[in-house]
Amino acid sequence: SQTIHQWPATLVQPVGSPLSLECTVEGTSNPNLYWYRQAAGRGLQLLFYSVGIGQISSEVPQNLSASRPQDRQFILSSKKLLLSDSGFYLCAWSVSSGPYYEQYFGPGTRLTVT
Amino acid sequence: DAKTTQPPSMDCAEGRAANLPCNHSTISGNEYVYWYRQIHSQGPQYIIHGLKNNETNEMASLIITEDRKSSTLILPHATLRDTAVYYCIVRGLRYNFNKFYFGSGTKLNVKP
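Residues numbered from 1 in each chain as written. Chains lettered and ligands numbered in written order. Predicted model: local features only at pLDDT ≥ 70, side-chain atom pairs only at ≥ 80, totals over all residues. Heavy atoms only, no water.

1. Quick look at the overall build of chain A
And step 1. Counting its secondary structure elements, chain A contains zero helices and 11 strands.
And step 2. Going residue by residue from the N terminus, the α and β elements of chain A occur as β-β-β-β-β-β-β-β-β-β-β.
And step 3. Here chain A has a C-alpha radius of gyration of 14 Å; the compact-globule value for 114 residues is 13 Å, and the two agree.
And step 4. With respect to the principal axes defined by its C-alpha atoms, chain A has extents near 45 × 25 × 20 Å.
And step 5. When burial is assessed residue by residue, chain A has 47% of its 114 residues classed as buried.
And step 6. Here the analysis covers contacts within chain A between residues at least 6 apart in sequence; of these, 55% occur between residues at least 24 apart.
And step 7. Split by element, the accessible area of chain A, about 5,200 Å² in all, is 52% carbon and sulfur.
And step 8. Side-chain charges of chain A comprise 7 positive and 6 negative groups, with the mean position of each set lying 10 Å from the other. (Helix = DSSP H or I, 4+ residues; strand = E, 2+ residues; numbered from the N terminus. Rg over C-alpha atoms; globule rule 2.2 N^0.38 Å. Buried < 20%, exposed > 50% of the residue type's maximum accessible area, 1.4 Å probe, protein only. Contact = heavy atoms within 4.5 Å. Areas by Shrake-Rupley, 256 points an atom, 1.4 Å probe, with all protein chains shown as cover. Lys, Arg positive; Asp, Glu negative; His and termini not counted. Charge placed at Lys NZ, Arg CZ, Asp CG, Glu CD.)

Pasting the structure below:
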């Protein structure tokens, strides 16, 4: 069966510090991968998605970046965090072939920028 | 993509049916209706999807009006564990990739 991991579960970082969040998927090959952010009390915002190694698409301009160094690894990074980067970060995957209707989400990382 | 409109919150008594509405008056012919839910501090979970026929699975039923401009997600016997934010998404069906845009959803409060 497929499993998606995210770490860390919680993170408190000062403004201006760097960020690296990691997501890995097990039990599937060549998944589509997604990063979402959810600010407190708000809906989910799609940040990045990837359909293959090294292929990253950005949905919104921001001081975040994403990378996919391996087939089942997706990393979210920032060189300098802003207060507005606080939120709940979710990684998700989906199949890359066949009728698509379901995304599978990880447990999330709660980031607080102080 | 068609825009969806959902009430911000609803209450339901435990054991009763929860009927969550969604308006999507600009839906086009090839767009599906998807429902997800997000329990507090977890990632969203897929519930059901449909095109024009009513659909049912082990979690819920989806009723789509004949003109497809609105739909209702039905949880037949709501439990306290069904308390969550429910998202209605309208999106075309894809076969190798898709993006979902989650709005604010409906916060369903199931009360004992």
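2. Observations concerning the sheet that holds strand β7 (residues 64-70) of chain A
Residue and element names in this part refer to chain A.
And step 1. Here we have four strands laid out as an open sheet, ordered β1-β3-β8-β7, and antiparallel in their pairing. Each edge of the sheet is formed by a strand with only one pairing partner; in this case those strands are β1 (3-7) and β7. Along the sheet, successive strands turn relative to each other by an average axial angle of 20 degrees, direction set aside.
And step 2. For β7 and strand β8 (residues 73-78), the ladder comprises five bridges, and the chain directions are antiparallel. Bridging from a neighbouring strand, S65 pairs with S77 of β8. (Pairing = 2+ DSSP bridges. Axes fitted to C-alpha atoms, helices over the stretch in contact; angles between N-to-C directions.)

3. Focus on the pairing of strand β6 (residues 61-64) of chain B
For a regular strand, side-chain orientation follows a simple rule: the groups alternate between the two sheet faces.
Residue and element names in this part refer to chain B.
And step 1. Here strand β5 (residues 55-56) runs beside β6; their pairing, made up of two bridges, is antiparallel. Residue T56 lies in a different strand from β6, and its bridge partner there is S61.
And step 2. Between β5 and β6, which pair antiparallel one after the other, the connecting turn spans four residues.
And step 3. Here four bridges tie β6 to strand β7 (residues 70-75), and the two strands are oriented antiparallel to one another. Each bridged residue has a counterpart across the sheet, and for I63 the counterpart in β7 is T72.
And step 4. Between the end of β6 and the start of β7, which pair antiparallel, lie five residues, with R68 showing a positive phi angle near 65 degrees.

4. With respect to the nonpolar core
And step 1. By size, the foremost hydrophobic cluster in this structure holds 21 residues, and its most contacted members are L20, W35, L73, L75, Y86 and L108 of chain B.
And step 2. Looking at this core, the elements with two or more residues in it are β2 (18-23), β3 (31-38), β4 (45-50), β6, β7, β8 (84-92) and β9 (106-111) of chain B.
And step 3. For this core, the element with the most residues is β8 of chain B, which contributes four residues.
And step 4. The next biggest cluster of nonpolar side chains, apart from the first, holds 20 residues, and it includes L21, L64, L81 and C91 of chain A. (Core = buried A, V, L, I, M, F, W, Y, C linked by side-chain atoms within 4.5 Å.)

5. Points about the packing of aromatic side chains
Residue and element names in this part refer to chain A.
And step 1. For the structure on display, the rule yields 12 aromatic pairs over all chains.
And step 2. An angle of 45 degrees between the planes, with centres 5.4 Å apart, marks the rings of Y36 and F105 as tilted. Linking Y36 in strand β4 (residues 32-38) with F105 in strand β10 (residues 104-105), this pair joins segments that are 69 residues apart in sequence.
And step 3. A relative accessible area of 1% means that Y36 is categorised as buried.
And step 4. For F105, a relative accessible area of 13% translates into the label buried. (Phe/Tyr/Trp six-rings, centres within 6.5 Å; stacked < 30°, edge-to-face > 60°.)

These values are about where atoms sit, not about what they do.
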